[in-house]
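Observations on the model geometry
One letter stands for each residue in the lines below.
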Amino acid sequence: MFARRGGGSGRPPDDVVTGKLEGALVDWGLYRNGVRDDRVSSYTEALDRAQRGEGFVWIGLFQPSEQQLAIVGAEFGLHPLALEDARKAHQRPKLERYGETLFAVFKTVTYVPHDDLTASSEVVGTGEVMVFCGPGFVVTVRHGEHNELTGLRHVLDQEPERLATGPGAVLHAIADQTVDRYLEVADAVQADIDQIETLMFTPRGWRNLDHVYQLKREVLELKRAVAPLTGPMRALATLRHPLIADETKNYFRDVDDHLQRVKEQVISFDELLSSILQAGLAQVQVAENDDMRRISAWVAILAVPTVIAGIYGMNFDYMPELGLRYAYFVVLGVMFTICFVLYRLFKRNHWL
């Protein structure tokens, strides 16, 4: 069950172990029959009791160093490849089995509040939770400030019947909380999409194209967290493993159902934003065409006086109407009349 057996005599003193884990060890506890045993006063004693089969120990770590993970890995016999993944953040959601130990990676997300959506707004913040689940122990490794498990631990402390099924219940609770956060973030992102969709279909709405592109990138970040988790979650719902009771599998199936719903929602977000982006680009083309028509119309109008003035600006001695007393005013009247007629014509055809 653990890397070391035969009691705690071969284990370093408790203050040495906790000292080496200082800054990374968030919380620990021994759970017997689903109830946290507060009589266990030391980390080492909790490990010894779990080693003897007196429940399981749940250890929470936050962004541990390589040396700190090595200490925990040696204590529980964790696979080096899994420890390497736990040390490095930015892992894809996955589920791996190393002997009797399950290693799961969950991508956590949070919604970043903002007053106005800009081209540089961060909408979706991400983090990670790695879970080592084995006979007699659960080790959670967190990366990111927003994905705290303290509240979840307190909730589970009030539900001993769930924890009585073993470490698999903790794995389910973490998966359930992660997917519930997905749903919350998806609902918040939906409001942003509705807002940007309204803005895009206002006059000059194409000026918000950079906002649409930024929101699409944030939705892609959410998609990267949600989509890869479907395989591991379905595996947990059907996996035959001594740590996962049959009743817990039913709960995993419920989590998988919620995950499928949020996955479809996120995919629809991506498709909708693509449509909004295309509509914005079409608006740009229409606006450019309108501008070109306006420019062409004014060029045509101004061409009339330019041509007439150019003709009468030639230095010839004998030209028609040069000797007329009111020729100047007649020419001006002709230019104004032709320009006015052209203006009305372009206006009627919506070129101006």
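Residues numbered from 1 in each chain as written. Predicted model: local features only at pLDDT ≥ 70, side-chain atom pairs only at ≥ 80, totals over all residues. Heavy atoms only, no water.

**Brief notes about the confidence of the model for the protein**
Under the convention used in this document: Per-residue confidence from the prediction method is given by pLDDT, with values spanning 0 to 100. Only heavy atoms enter the contact rule, under which two residues are in contact if any of them lie within 4.5 Å.
Confidence in the prediction for the protein averages 84 pLDDT; 94% of positions are at 70 or higher. Low pLDDT, under 50, characterises residues 1-10; the stretch is placed with 27 contacts to residues that sit more than four places away or in other chains.

**A word on the nonpolar core**
Going by this rule: Take the buried residues of types Ala, Val, Leu, Ile, Met, Phe, Trp, Tyr and Cys, join any two whose side-chain atoms come within 4.5 Å, and each joined set is a nonpolar core. For each residue, the accessible area found with a 1.4 Å probe, counting protein chains only, is set against the maximum for its type, and the residue is called buried under 20%, exposed over 50%, and partly exposed in between. Numbering goes from the N terminus for both helices and strands, where a helix is a DSSP run of H or I of at least four residues and a strand is a run of E of at least two.
Core analysis: the largest hydrophobic core is formed by 56 residues, its most contacted members being F106, L171, Y182 and M233. When contributions to this core are tallied by element, the ones reaching two or more residues are strand 3 (56-62), strand 5 (101-111), strand 6 (124-134), helix 5 (150-157), helix 7 (167-200), helix 8 (209-226), helix 9 (230-238) and helix 10 (246-312). Other than its neighbours up to four places away in sequence, M233 contacts F106, A175, F252, V255, D256 and L259. Counting 25 residues, the second-largest nonpolar core is a separate cluster that includes L47, L61, A82 and V105.

**So, the pattern of salt bridges**
Short version of the rule: By definition here, a salt bridge exists when the distance from a side-chain nitrogen of Lys or Arg to a carboxyl oxygen of Asp or Glu is within 4 Å.
Applying the stated rule across the entire model yields 20 salt bridges. When the shortest N-O distance is used, the salt bridge between E54 and R52 registers 3.4 Å. We note a salt bridge from E159 to R162, for which the minimum N-O separation is 3.0 Å. R162 sits in the partly exposed class, given a relative accessible area of 25%. Residues joined in a network through salt bridges with shared partners are D27, R36, R153 and D157.

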